[in-house]
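# Coordinates in review
For reference, the chains in residue letters:
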Amino acid sequence: AAGAPRRRVARFSEAPAPPAMATVSFSHVHMYVDSLRELEDYKKLEAKLNTFVDSSHAVLETTSSRVGADVVGGRAAWLELASAHGDPCTGVVDPAAWTGQMQDVVEQMLVALGWRITGSGQTAETRSLVVTSKAESGVKFVITAHGKQTMQELGDALPAKRQKTAGDAPDHFDVRHLERFAQHQASRQGIAVLGFSVAKGGLDNIYQKYKTLHPKLLASDEPRQYPGAKILEVYAYYKGEKGTSEADHGTLLRFIESDAGADFWVLPGLKRTAATFDTMATPAYCDHWVSNVVSRTGFLDTLEDTLGFTPKVDFNAGVVAAGEAQIESTVTGNDPNKRLEDEVAVLMDQSQVYLPINNALSEVGHVHLYLKEIGQGVQHIASRVRDLPALVQRANDYRKMTGAGVSFLSIPRSYYGSLTAKKLSQDSKIDFAEAQKYVEALKKVGILDNSDIMDLDATREKVAAALPAGVGAGTLDWVMRGRYSNMYMLLGDHLSEASYLKIVSNNILVDVQGDDLLMQIFTSTVLQRAAGQEAPFLEFIQRVCSEKQDPATGKPRAMKPGCGGFGIRNFLTLFLSIEVSKATKARGNAEAAGNAKVAEYYGSMVEAFTAQLDESNPVLTAISDAMTLEGEALERGDKAEATKHEAAKNKGQEDLQTVSTKYKNLMKSLRESAPQGA
């Protein structure tokens, strides 16, 4: 169903100018959930969280001797606030007992991210809230629930020929849409609508494109008119191939053309709600929205036909193959042709829309299971922030202090680096036998484990005490870098030791594209009712753009939206980590049940996925470097140099395919010999 792979088309290529299309930008994401608490209850939680920050700066802020909060002191301060504030929304929860299932996503955003409810609305049957960061132009999550029934109940009910709710309530909050989504998405909660702002006069253009080229995807006969706004909704995907199959009635794309000074917040039917953000809250902006689909090429073509979106980057099967699980992914988007002056402008820009699209190539793995279990839909929402390590540190600390919030996908420590005698000998220029002696000494006291992973909390003094006398300061530096050696190879001394440790301890992924840096992290699933179910998740990223000077002008070069790319090294890491997480959980369940053979089987899966990551990382780095050099050559018009780097990129992809095939066969062999009960 995926069709033939598309060749990567970079922003700097000599592609012909697309026909005039409507100008769109990010607006909002609309979730449908099982239930919402009363607005008053959430506001009580916000007040408690604000008081927590105001009264507990000493325990919440990083110090010279501590990264992140004093969790023990913070937990005590949080519990003390119950006497004045009670325990609204969160209840009294032991942080150690926290799980990701049956969580209230509004509560999660308020606690973990410092976001607040800035809007609300209600119809006869549904209630809606708007959750945003402190940046008014940034992320906007509209969250809607039925007043009495869960999405499960709405989905399980026989389809009813329900009439539109009487009165002036906007159609987009009508219960019919919750029923439709539930009945086409396995009765699950989910990300139901991707919303885009349209420049004045552009909405009719989009409507005509759909009416002419993709009439099956129109969710209504024509755009709906409201005071101050006009809205068009279309079904996002076809059930199968473009044009020949029917529309998938799950996910919608919503286009909104608003008048200046319109009397609503985000959407007609929503009014602003007063909100106070705590002093540690950070702004967040839309970066990209990701779909899992049946026909990737069909969705790509539909977006090109109607919005003029064109592919930017392809991740082929070799890049995103986790054992037997194989997918292809293409990032598509618009071309606002902006060059931004500084990192603040890059952070805040919402005109550059990127929509990565995944399809499965195998009948195993996350994307296949998502499509089989739920259907086509939005896999995750990525938001851009100014200081990712600080955001993640906050979320992790708050979960440990309050027992509420979010957790993040676990990343194998080997991704960040290890310490072997061979690497230590090469880096510190000492004899191999001497390096081996140092490694054995560290393993003897438990600073280095049998997988060559260093204890992240090992201090320089503790490491020096474990090594033989007379080890030089330079060698000791390289030993300490063993905690993040892979990261150091990428970034060198551009980051401090404290920054590296914050990245590693918080499971943040890092990639480099040319002189640009990308940091990203993925939450565990949200909107998940039961462990093991497929569900969407959130991503947070930080883009650090190069500040290189233009030799012709002597001034810093203008920055491009999307600098840092999409983490070609990390794309594979994400999917491998999802599989590692599942296998680790299965191993734990088997151990708890006393089934040693099944536990050993899942342990072998964890080892295989981790080994694939370790073997793939240097190849992915080579591909990323070649892609960057190819792009730079095309940008300056050097076709010969571009061809050379394109060949290096293709060679890297062939090498990666070889690695992928090796582990695909290994996982197949493991699966075929799985013990009973696995």
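Just above sits the structure.
First, a word on what this report is: a plain description of the structure on this page.

Under the counting rule described, the total for this entry stands at 16 aromatic pairs. Residues Y210 and F255 carry aromatic rings whose centres are separated by 6.4 Å and whose planes lie at 45° to one another, so their mutual orientation is tilted. Residue Y210 is located in helix 8 (residues 202-213), and its partner F255 is located in strand 8 (residues 252-258); the two are separated by 45 residues in the primary sequence. Overall, the relative accessible area of 0% leaves Y210 in the buried class. Residue F255 is classed as buried on the basis of its relative accessible area of 0%. Here the aromatic residues F26, F196, Y210, F255 and W289 are joined through ring pairs into a cluster of three or more. Directly above the aromatic system of W265 lies the positively charged group of R272, at a separation of 3.9 Å from the ring centroid. The ring of W98 is capped by R399, whose NZ or CZ atom sits 6.0 Å from the centre of that ring.

Turning our eyes to something else, we now look at the packing of helix 1 (residues 39-55) against helix 5 (residues 105-113). Where helix 1 contacts helix 5, the axes come no closer than 10 Å and their chain directions differ by 15°. The angle between helix 1 and helix 5 places the two elements in the roughly parallel class. Between helix 1 and helix 5 lies a crossing of right-handed hand. Along the contact surface, helix 1 presents Y42, L45, E46 and L49, while helix 5 presents V106, E107, L110 and V111. Residues belonging to the contact of helix 1 with helix 5 are distributed by class as follows: 6 nonpolar, no polar and 2 charged.

Moving on, we come to the pattern of salt bridges. Should the charged atoms of two oppositely charged side chains come close, the side chains can pair. In total, this model carries 31 salt bridges according to the counting rule given. When the shortest N-O distance is used, the salt bridge between D171 and R224 registers 3.4 Å. Placement of D171 in the loop between helix 6 (151-156) and helix 7 (175-184) and of R224 in strand 6 (residues 224-226) is noted, with a sequence separation of 53 residues between them. A salt bridge links R483 to E497, with the nearest nitrogen and oxygen atoms 2.5 Å apart. Remark: E497 occurs in helix 18 (residues 497-505) and R483 occurs in the loop between helix 16 (473-481) and helix 17 (485-491); sequence separation between them is 14 residues. Under the relative-accessibility criterion, R483 is labelled buried at 2%.

Further remarks concern unusual backbone geometry. Backbone geometry places M102, a non-glycine residue, at a positive phi of 55°. Mapped onto the elements of the fold, M102 is located in the loop between helix 4 (82-85) and helix 5. Residue classification places M102 among the exposed positions, given a relative accessible area of 62%. The phi torsion at K429 lies on the positive side, around 60°, for a residue other than glycine. By the element assignment, K429 lies in the loop between helix 13 (421-428) and helix 14 (432-444).

With that settled, the discussion passes to the sheet that holds strand 5 (residues 190-198). Read from one edge of the open sheet, 9 strands run 6-7-8-5-1-4-3-2-9, paired in mixed fashion. Where the open sheet ends on each side, the last strands, each with one partner, are strand 6 and strand 9 (271-272). Pairing between strand 1 (residues 24-32) and strand 4 (residues 140-146): 4 bridges, direction parallel. For M31, the partnering residue across the bridge sits in strand 4 and is I143. Against the sheet, helix 1 makes contact with strand 2 (116-122) and strand 3 (126-132), and its axis sits at roughly 175° relative to strand 2, the strand it touches most.

Attention now moves to the pairing of strand 14 (residues 354-360). For strand 14, a buried count of 6 out of 7 residues is recorded, marking the element as mostly surrounded by other parts of the structure. By the bridge criterion, 3 bridges tie strand 10 (residues 284-292) to strand 14 in an arrangement that is parallel. Counterpart to N292 in the pairing with strand 14 is N358. Bridge count between strand 13 (residues 325-333) and strand 14: 7 bridges; the pairing is antiparallel. Paired with V331 across the two strands is P356, which belongs to strand 14.

Grouped together as the largest cluster of nonpolar side chains are 141 residues, with contacts concentrated most on V106, F141, I143 and F255. Beyond its immediate stretch of four places on either side in the chain, I143 contacts M31, V33, L36, V105, V106, M109, R127, S128, L129 and V131. If you look at the next biggest cluster of nonpolar residues, it comprises 18 residues, including V439, A458, A466 and L467.

Moving on, we come to helix 16. Taken together, the buried positions of helix 16 are occupied by T475, L476, V479, M480 and R481. Those residues of helix 16 that are buried are in contact with helix 13, helix 14, helix 15 (460-466), helix 17 and helix 18.

The rules behind these values
Residues numbered from 1 in each chain as written. Predicted model: local features only at pLDDT ≥ 70, side-chain atom pairs only at ≥ 80, totals over all residues. Heavy atoms only, no water. Phe/Tyr/Trp six-rings, centres within 6.5 Å; stacked < 30°, edge-to-face > 60°. Helix = DSSP H or I, 4+ residues; strand = E, 2+ residues; numbered from the N terminus. Buried < 20%, exposed > 50% of the residue type's maximum accessible area, 1.4 Å probe, protein only. Lys NZ or Arg CZ within 6 Å of the ring centre and 35° of its normal. Axes fitted to C-alpha atoms, helices over the stretch in contact; angles between N-to-C directions. Parallel < 35°, antiparallel > 145°, perpendicular 65-115°, else oblique. Left-handed = near helix turned anticlockwise from the far one by under 90°. Contact = heavy atoms within 4.5 Å. Nonpolar A, V, L, I, M, F, W, Y, C, P; charged D, E, K, R; others polar. Salt bridge = Lys/Arg side-chain N within 4 Å of Asp/Glu carboxyl O. Pairing = 2+ DSSP bridges. Core = buried A, V, L, I, M, F, W, Y, C linked by side-chain atoms within 4.5 Å.

By themselves, these figures tell us nothing about what the structure is for.
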